[in-house]
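Letter by letter, the chains look like this.
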Amino acid sequence: MKVTEITATEFQAMMRVAAHRLTKNAEFVNSLNVFPVPDGDTGTNMSLTFQSGAKAVNENNAQAVGELSKSLAKGLLMGARGNSGVISSQIFRGFSKSMEEKTSLTAQDLADAFTSGVQTAYKAVMKPVEGTILTVAREGAKAGAKVAAQTDDIGAVVEAVVEGSKKALLKTPELLPVLKEVGVVDSGGQGLVFIYEGFLEGLTGQAPAKDLYTPDEAEMDEMVNANHHQTAQMGTEEIENGYCTEIMVALGDGTTVDREFDYDEFRNHLNGIGDSLLVVADDEVVKVHVHTEHPGTVMAYGQHFGSLMKIKVDNMRLQHDTIVENDQQAAPVQAEPVDTGIIAISAGAGVAELFRSLGATYILSGGQTMNPSTQDILDAIQAANAKKVILLPNNKNIFLAAEQAAEVAEIPVEIVQSRTIAQGMTALLSFDPSAELQANQVAMTEALDTVISGQVTQAIRDTTLDGLEIKKDDYMGIIDGKIKVSTTDRQTAAIEMVQTMLDEDSEIVTIIVGEDGDMTEAEAISDAIMAQDDELEVEIHEGDQPVYPYLISVE
């Protein structure tokens, strides 16, 4: 089927299916993480980011693609999580910017949008690296532009973008040696390919049969909520079809059955009875949501195909004020007013208490496998109740989201780029409440290099990295981001890691025990460290952090 125009309807379908496709494949994208650790969250971050954008589009009832594209960009910006999520949000920020004045899109408009997305993303990244999502986006856009110069078929353009990005993805190991060593393609690039494949399917329905998009019940509920959000934006007098009607039909069951179920025929008939129609069906059940003035007609029609398993009818005119009220989200609880707020991002109740004891005024829960979004960080900045804020990400995968939040925050925000919990705690010791914001940022940043950070965790797959052979379920010692130890025994891994971290200037070793760690084992690790150098001071704290049984620092 040739498509020569993208209207609001097609645009919403493209975004919805792309979000679905990426979500369904998020774990596969996670599995492409170079490090064999249980925190490979590229797929999760990209999926949650794109879901935020698609949700914003779904909740906008505008009829112009340009207006929907603004919602996409804003939703992606505020929902962006992790570096992969932020970079993908930048790609689609440029993508959206190029079409924001358009009512509908031609093939050339769409090709220009892909190109604009690439340009914006490259400008947003301080040091662009080839062999990443940027390369995949660029080559996909180039392929789309080439086809757009030859045809007005938008489907052909999107297909070219998909194929171009796939070819670039397969070449990423040749551009990034670490990918080749581990034997994977770039995870962010793979996530982008899934998005582009979703665009193609949403536009044309073109996908392998096993991959065809059928919303599940949870997704249908999300679409229903989006429809109700649109209704909440209207005035009561603007609601044309006032009864929200939901039925579930057991196909072929009961005495009223007199017709064979055909999805397209069924959907087209209901489309003439109301609006905001959603239909999900399998071989046994069809679920319907529609806004109509005649709910009885919908029920009677459903009975031609089976028995009614579920019926729900709400008068939306009566509910309108309640819907508006419920749609408003409560603001986070504010902290006590302070001049300079210090926000530490961390996971684990014990770690949070350690940060508070060192002077952090607000703790935002997050870290590995649970990177906070730009909106989460903005909410924390507001909740900190401060005139200005210093932000400690404590994870390099949160840097870009933190930078985006700082850019749009209403108060001055400085970021101390702490990569680990240990660096964040060390930076706090350099905070001077009498100093200016920027002076504190400089001093705290300079303190980061005075601590060595170690992490003990378990390998999730066999691999070889930097010449070190790692077996699945081995315990690894990671020092400042590099795997230095891999062995079958956790206690041994921790001890060998610390031995590598120590030098003649070392004075203090701090062990933070995670939710999977053990205090008795931590004491044994401490004893082994003291046996090596009895002049060292060793501290043990309960951190309750996930993923890493032990976080160990040396100062």
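In case you missed it, the structure is sitting above this.
Within each chain, residue numbers correspond to sequence positions counted from 1 in written order. The model is predicted, so local features are restricted to residues of pLDDT at least 70 and side-chain atom pairs to those at 80 or more, both for listing and for counting; the totals for chains, interfaces and linings are taken over all residues. With hydrogens and water excluded, all non-hydrogen atoms of the structure serve as input to the side-chain values.

1. Overview of the overall build of the chain
In step 1: When helices and strands are tallied, the chain shows 21 helices and 16 strands.
In step 2: Two residues form a contact once any of their heavy atoms are found within 4.5 Å. Across the chain, the fraction of contacts at a sequence separation of at least 24, relative to all contacts at a separation of at least 6, is 72%.
In step 3: About 24900 Å² of surface is accessible on the chain, with carbon and sulfur atoms providing 47% of the total. Runs of E in the DSSP output that reach at least two residues are strands. Runs of H or I that reach at least four are helices, and both are numbered from the N terminus. Here the Shrake-Rupley method, with its probe set to 1.4 Å, supplies the accessible areas, and only the displayed protein chains count as covering residues.

2. A short note on the nonpolar core
In step 1: Counting residues in each nonpolar core, the largest one holds 70 residues, and the members touching the most others are Phe11, Phe50, Phe92, Phe95, Ile195, Tyr196 and Phe199.
In step 2: When residues no more than four places from it in sequence are discounted, the contact partners of Phe92 are Phe50, Leu76, Leu192, Ile195, Tyr196 and Phe199. The set of buried Ala, Val, Leu, Ile, Met, Phe, Trp, Tyr and Cys residues whose side-chain atoms join them within 4.5 Å is what this entry labels a nonpolar core. Using a 1.4 Å probe on the protein chains alone, a residue whose accessible area is under 20% of its type maximum counts as buried, one over 50% counts as exposed, and one in between counts as partly exposed.

3. Quick look at the sheet that holds strand E6 (residues 362-365)
In step 1: Strands sit in the order E6-E5-E7-E8 across an open sheet of four strands; the sheet is parallel. Among the strands making up the open sheet, the edge pair consists of E6 and strand E8 (413-415). Within this sheet the neighbouring strands show an average axis-to-axis angle of 25 degrees, counted without direction. Here a strand pair is declared whenever DSSP counts at least two bridges between the two strands. Convention adopted: a line fitted to C-alpha atoms gives each axis, helices being fitted over their contacting stretch, and angles between N-to-C directions are expressed from 0 to 180 degrees.

4. Describing the packing of aromatic side chains
In step 1: Think of it this way: a Phe, Tyr or Trp ring, Trp meaning its six-membered ring, pairs with another when their centres are within 6.5 Å, and the plane angle makes it stacked under 30 degrees, edge-to-face over 60, tilted otherwise. Throughout the structure, instances matching the rule amount to 16 aromatic pairs.
In step 2: Look at Phe114 and Tyr196: their rings are 5.3 Å apart centre to centre, the planes differ by 85 degrees, and that puts the pair in the edge-to-face class. One end of the pair, Phe114, is in helix H6 (residues 107-124); the other, Tyr196, is in helix H10 (residues 187-204), with 82 residues separating them in the sequence.
In step 3: Taking the relative accessible area as the measure of exposure, Phe114 reaches 3% and is therefore buried.

5. Overview of the sheet that holds strand E12 (residues 475-479)
Strands in a sheet are paired, the pairing made by backbone hydrogen bonds, and the direction either parallel or antiparallel.
In step 1: The strand order across the open sheet built from six strands is E13-E12-E9-E16-E14-E15, with neighbouring strands paired in mixed fashion. The sheet is open, and its two borders are formed by strand E13 (482-487) and strand E15 (537-542), each paired with just one other strand. Pairwise comparison of adjacent strand axes, ignoring direction, gives a mean angle of 20 degrees for this sheet.
In step 2: As judged from the six bridges shared by strand E14 (residues 508-513) and E15, these two strands associate in the parallel manner. Bridging across to E15, Val509 finds its partner in Val538.
In step 3: Together, strand E9 (452-458), E12, E13 and strand E16 (550-554) form the strand contacts of helix H20 (residues 490-501), whose direction differs from that of E9 by roughly 160 degrees.

6. A closer look at the pattern of salt bridges
In step 1: By definition, a salt bridge exists where a carboxyl oxygen of Asp or Glu is found within 4 Å of a side-chain nitrogen of Lys or Arg. If you walk through the whole model with that rule in mind, you get 19 salt bridges.
In step 2: Residue Asp109 pairs with Lys102 through a salt bridge whose shortest N-O separation is 3.4 Å.
In step 3: Among the residues examined, Lys102 registers a relative accessible area of 32% and is labelled partly exposed.
In step 4: A salt bridge links Lys472 to Asp473, with the nearest nitrogen and oxygen atoms 3.6 Å apart.
In step 5: On the accessibility criterion, Asp473 (41% relative accessible area) is partly exposed.
In step 6: Linked by salt bridges that have partners in common, Glu130, Arg138, Glu139 and Lys142 make up one network.

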